[in-house]
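# A look at the structure
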Amino acid sequence: MEANKDLGALTENLCEDSLVTRLRLRDPGALEELMRVYSARLRRAAMNILHNADDAEDIVHQSLWKAYQSISQYCHRAALCSWLVTITRNESFALIRRRAVEQRARRALKFIDSGRPSPQTPEQMVMRKEVAHLCQECIACLLPNNRTIVIMRLIEERSNAEIASQLRISVNAVKIRYHRGSKQLRLLVGRKLADPRLV
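Since we're looking at a predicted model, the values are computed, not measured.

Reading the values: rules and limits
Residues numbered from 1 in each chain as written. Predicted model: local features only at pLDDT ≥ 70, side-chain atom pairs only at ≥ 80, totals over all residues. Heavy atoms only, no water. Helix = DSSP H or I, 4+ residues; strand = E, 2+ residues; numbered from the N terminus. Contact = heavy atoms within 4.5 Å. Areas by Shrake-Rupley, 256 points an atom, 1.4 Å probe, with all protein chains shown as cover. Axes fitted to C-alpha atoms, helices over the stretch in contact; angles between N-to-C directions. Parallel < 35°, antiparallel > 145°, perpendicular 65-115°, else oblique. Left-handed = near helix turned anticlockwise from the far one by under 90°. Buried < 20%, exposed > 50% of the residue type's maximum accessible area, 1.4 Å probe, protein only.

## Concerning the overall build of the protein chain
On a plain count of helices and strands, the protein chain comes out with nine helices and zero strands. Seen in sequence order, the protein chain has helices and strands lined up from the N terminus as α-α-α-α-α-α-α-α-α. Long-range contacts, defined as pairs at least 24 residues apart, comprise 62% of the intrachain contacts of the protein chain with a sequence gap of at least 6. On the protein chain, roughly 12,200 Å² of surface is accessible, and the fraction owed to carbon and sulfur atoms is 52%.

## A few points about the packing of helix α7 (residues 144-155) against helix α8 (residues 160-167)
Relative to each other, α7 and α8 sit at 135 degrees, their axes nearing to 10 Å. Relative to α8, α7 is oriented oblique. At the point where α7 passes α8, the crossing takes the right-handed sense. Residues Thr 148, Ile 149, Met 152 and Arg 153 of α7 form the contact with α8, whose participating residues are Asn 160, Ile 163, Gln 166 and Leu 167.

## Observations concerning the side chain of Ser 92
Turning to its location among the elements, Ser 92 is positioned in helix α4 (residues 80-114). Ser 92 gets classed as buried once you look at its relative accessible area, which sits at 0%. If we skip the residues at most four places from it in the chain, Ser 92 touches Ala 46, Ile 49, Leu 50 and Ile 59.

Here's what the structure looks like:
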């Protein structure tokens, strides 16, 4: 019995070694075999994290393609299946992080558009904190006059009248500068939304 197990493990290792060699040689049939042999196991790994069949399917294809592209980095200290599962798990968690960033960015954009100086509900208070975190670098890129107004409205929660009084400008001027600043801020945050790596 033990001999049979050892023989089975040896056969599996030889098959993996052969497949890895073919992948490194860019054998057109090797990627198809990789998908045929490992897709089901990788799908289960992705489903355990994402709990969504469509997302899991996308991640499996993405992970297998990534493995194919980076097969030169594979070393034999771990089984090929373990390496593939690690890639799949990493891609799954990366998807979750990207979606969390997108959700924060959308909520930030919504709050910027609302222009509310004093959020009262717990959700609005969370939005304000997320704006401060997500938009920190973006706010620094605004024109100085507009940046001051945006900070006072969104971060310090000042009213238009308070800002006008402190800066010795009209309320209408505050509204105009805030409109310009928030428009520019929205564009900058939108770029982060388009590329989560920037967040």
